[in-house]
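The chain contents come next:
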Amino acid sequence: MPFSTLISTTYHPSIFSKKTNPLSLSKNPPPSTTYHPSCIRSARDEPSNKVNKPITKSSKPDKSLNNLDRRDVLLGLGGLYGATLGRAEAAPITPPDFTTCKTATDNGPPTYCCPPSTTSKIKQWEFPSSSSLMRERKAAHLLTADEIKKYNQAVALMKELPLTDPRNFTQQANVHCAYCDGAYTQAGYTVELQVHASWLFFAWHRWYLYFYERILAKLLNDETLAIPFWNWDAADGMTMPAMFVDKLTPLYDCLRNANHQPPTLINLASTTTTDLTDPELILSNYATMYKQVVQKTTPSLFFGAAYSAGTAAEPGAGSVENVPHNIVHAWTGNPNPNTPNGEDMGILYSAARDPIFFAHHSNVDRLWTIWKTLSGKNRIDFTDTDYLDSSFLFYDENAELVQVKVSDALDPSKLRYGYQDVEILWETKPTTTTTATTTSMLPTKKALAKTLKKKAGEFGSNPRQLGSIIRATVKRPKKSRSKEEKENEEEILVVNLELSRDEFVKFDVYINAEGEKFGGPASSNFIGSSVHLPHSNVMKNMKVNTLLRLPLNEALEDLGAEGDDDVEVIIVPKAGKGEKITIKGIKIEIGV
């Protein structure tokens, strides 16, 4: 009996030995089997993928088997590669050449997550009819029993597809692995293609979820089916949704942090334990959301840094990708010795193996829609053609290969989906503190500004390893800006840093904070964090040079420091080895 029919009765997953190869399981496994690869092996026991055979120097691409012929790829993309190669100026990111796809990780046995066999030709994606059904993505904790049952059935059907089908759940998880962990280089270049830590993050993941959702709906033959969102920005949604922790369903993943199961509330600012009470943690999470979404008033702050053809990967993550996105990933993943990288959710190559990934990213996508509705003249999508014309390849619900563009993903209503209207309690400014003192106890802003002492010198030109707290005084380009100037442009702190890509990193940034005790997200001194998820790929130990950009307008107002010539910046390490984190420079600029 297919697993999709069993969830309406009973399902008893067994414990497999590490020697069991999930690739040998039948298309419709019996009730005594489980086919979640992560739950029948340790994270280091990655099976060799006989379905997705890698192309080596001694084996030419076979257009009828593993990958498309290179010429077919180039022609199918309408000559995009030829039009962009050799250009001195910037150009949009183009889809990867599947014939160059390679092993993604070397953490234990190599993970080969390239697309499966196909004879499909590349099609240009077309918008669905404006009269077609509008799907509603609902909060996972608010779904009815029938809605949960349908979603379980759809995911079960996806898992039952043969591994040769690109719509199979494992193959869908591999899409994220390939695009995010070094399996592709940019077409025509030798540099990595990466969809994290840049302005591509939101749009690529929107497309990824779109096709995942369309495949589920097709398999279930139900156009109303939609991905639920993990509503971790609301008090009632701050635990792992119950539908994903039921061990008798295909939504369960055994590689999750056992200490973070319900009723434990997530901490959106940290992956470590907290001594806050639940009501205090909820308020702290609201403060995190306010600072990461509401305070980020410009496209570059929210979406991330520009990323064009031929340029290095990971130029700089946007606010939400840093926090809470990366935090939720790391908080969910399993930290046990058998999963040293926090598999599944805690590292990019395996993150999408956990079905909760898609609910998590559904909420991330929802924040994009919310951000654009908030006040502020600069809350708009980028208009740069390098952004709008960037494109990717995905398999659609019919297992056909389609090319999509960023510009077509900007309006979810045109993709025929939207989000359930739930209460948002973090859009208004929270009660702030300065260091450890509430604002109601503070002297006037003018008096406060005079009492703050700049004890640190300038950062200088020499890089510093983040083995301990770094303090530096940074000159401001302009002080006492007018209200109109601040509405038009944000004053931005820019931290230039170098990281080891295989290291989980987190550090917090404060300004004008006294002493050695720092407040949390509700502190006016706190302006943001950098959180880096590890990439356990073939470029292990490779250094990543990236930027962290944090807004200053509101913090300077709260601290009464708008008239100061400079600010004291304090960088506080929270996670990661200090010798693998280098601060190369700190500056302040004004822009959007």
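To be clear, the structure that these remarks concern was listed above.
(A) Representation of the side chain of serine 391 within the structure. Tracing the backbone through its elements, the reader meets serine 391 in strand 3 (residues 391-395). Overall, the relative accessible area of 1% leaves serine 391 in the buried class. A distance of 3.3 Å separates the side chain of serine 391 from the side chain of glutamine 403, its partner in a polar contact.

(B) View of the sheet that holds strand 8 (residues 464-465). Strand order in the open sheet made by the 4 strands is 8-15-10-13, with antiparallel pairing throughout. The outermost strands of the open sheet, each flanked by one partner alone, are strand 8 and strand 13 (543-551). Pairing analysis gives 2 bridges linking strand 8 to strand 15 (residues 581-591), with the strands arranged antiparallel. Across the sheet, residue arginine 464 finds its bridge partner in strand 15, namely isoleucine 583.

(C) Region of the structure containing the packing of aromatic side chains. Per the counting criterion, the structure on display carries 37 aromatic pairs. On the numbers, 5.0 Å between centres and 65° between planes, the contact of tryptophan 199 with phenylalanine 382 is edge-to-face. In this pair, tryptophan 199 is assigned in the loop between helix 5 (169-180) and helix 6 (201-220) and phenylalanine 382 in the loop between helix 10 (356-371) and helix 11 (385-388), connecting sequence segments 183 residues apart. No difference in accessibility class separates tryptophan 199 from phenylalanine 382, as the two residues are buried. Measuring from centroid to centroid gives 5.0 Å for tyrosine 210 and phenylalanine 211, while their planes differ by 80°, and the two rings are edge-to-face. Relative accessible area serves as the criterion here: at 5%, tyrosine 210 is assigned to the buried category. Seen from the ring of tyrosine 417, arginine 137 lies directly overhead, with NZ or CZ sitting 3.8 Å from the centre. Directly above the ring of tryptophan 368 sits arginine 206, whose terminal nitrogen or CZ lies 3.8 Å from the centroid.

(D) Main features of the packing of helix 9 (residues 319-332) against helix 10. Viewed as axis vectors pointing N to C, helix 9 and helix 10 meet at an angle of 165°, and their least axial separation amounts to 11 Å. Judged on the interaxial angle alone, helix 10 and helix 9 are roughly antiparallel. For helix 9 against helix 10, the interelement crossing comes out right-handed. Residue-level contacts link Val320, His325, Val328, His329 and Thr332 of helix 9 to Ile356, Phe357, His360, His361, Val364 and Leu367 of helix 10. Class assignment of the residues belonging to the contact of helix 9 with helix 10 gives a composition of 6 nonpolar, 5 polar and no charged.

(E) Representation of the environment of isoleucine 347. As for its position among the elements, isoleucine 347 is in the loop between helix 9 and helix 10. In the structure, isoleucine 347 is positioned 17 residues away from alanine 330 in sequence and 7.5 Å away in space, judged by C-alpha atoms.

(F) Main features of the nonpolar core. Residues Tyr151, Tyr179, Trp207, Tyr387 and Phe392 are the most contacted members of the largest nonpolar core, which totals 105 residues. Excluding anything up to four places from it in sequence, phenylalanine 392 contacts Pro95, Tyr179, Val195, Leu200, Trp204, Trp207, Val402, Gln403, Val404 and Val406. In terms of nonpolar packing, the next biggest core, distinct from the first, is built from 28 residues, Ala472, Leu550, Leu552 and Ile583 among them.

(G) Focus on the state of the cysteines. Under the definition given, this model contains 2 disulfides. With its sulfur 1.8 Å from that of its partner, cysteine 101 forms a disulfide with cysteine 114. Judged by the sign of its S-S torsion, about -95°, the cystine formed by cysteine 101 and cysteine 114 is left-handed. A residue pair is termed long-range when its members are at least 10 positions apart, and cysteine 101 in the loop between helix 3 (80-84) and strand 1 (123-124) and cysteine 114 in the loop between helix 3 and strand 1 qualify at 13 residues. A relative accessible area of 2% means that cysteine 101 is categorised as buried. The class of cysteine 114 is buried, set by a relative accessible area of 1%. Shown here is the disulfide that connects cysteine 113 with cysteine 177, its sulfur atoms set 2.2 Å apart. On the sign convention where negative means left-handed, the S-S torsion of about -65° between cysteine 113 and cysteine 177 marks this disulfide as left-handed.

So, how was this worked out
Residues numbered from 1 in each chain as written. Predicted model: local features only at pLDDT ≥ 70, side-chain atom pairs only at ≥ 80, totals over all residues. Heavy atoms only, no water. Helix = DSSP H or I, 4+ residues; strand = E, 2+ residues; numbered from the N terminus. Buried < 20%, exposed > 50% of the residue type's maximum accessible area, 1.4 Å probe, protein only. Polar contact = N/O pair within 3.5 Å; in protein donor to acceptor, adjacent residues only side chain to side chain. Pairing = 2+ DSSP bridges. Phe/Tyr/Trp six-rings, centres within 6.5 Å; stacked < 30°, edge-to-face > 60°. Lys NZ or Arg CZ within 6 Å of the ring centre and 35° of its normal. Axes fitted to C-alpha atoms, helices over the stretch in contact; angles between N-to-C directions. Parallel < 35°, antiparallel > 145°, perpendicular 65-115°, else oblique. Left-handed = near helix turned anticlockwise from the far one by under 90°. Contact = heavy atoms within 4.5 Å. Nonpolar A, V, L, I, M, F, W, Y, C, P; charged D, E, K, R; others polar. Core = buried A, V, L, I, M, F, W, Y, C linked by side-chain atoms within 4.5 Å. Disulfide = S-S within 2.5 Å.

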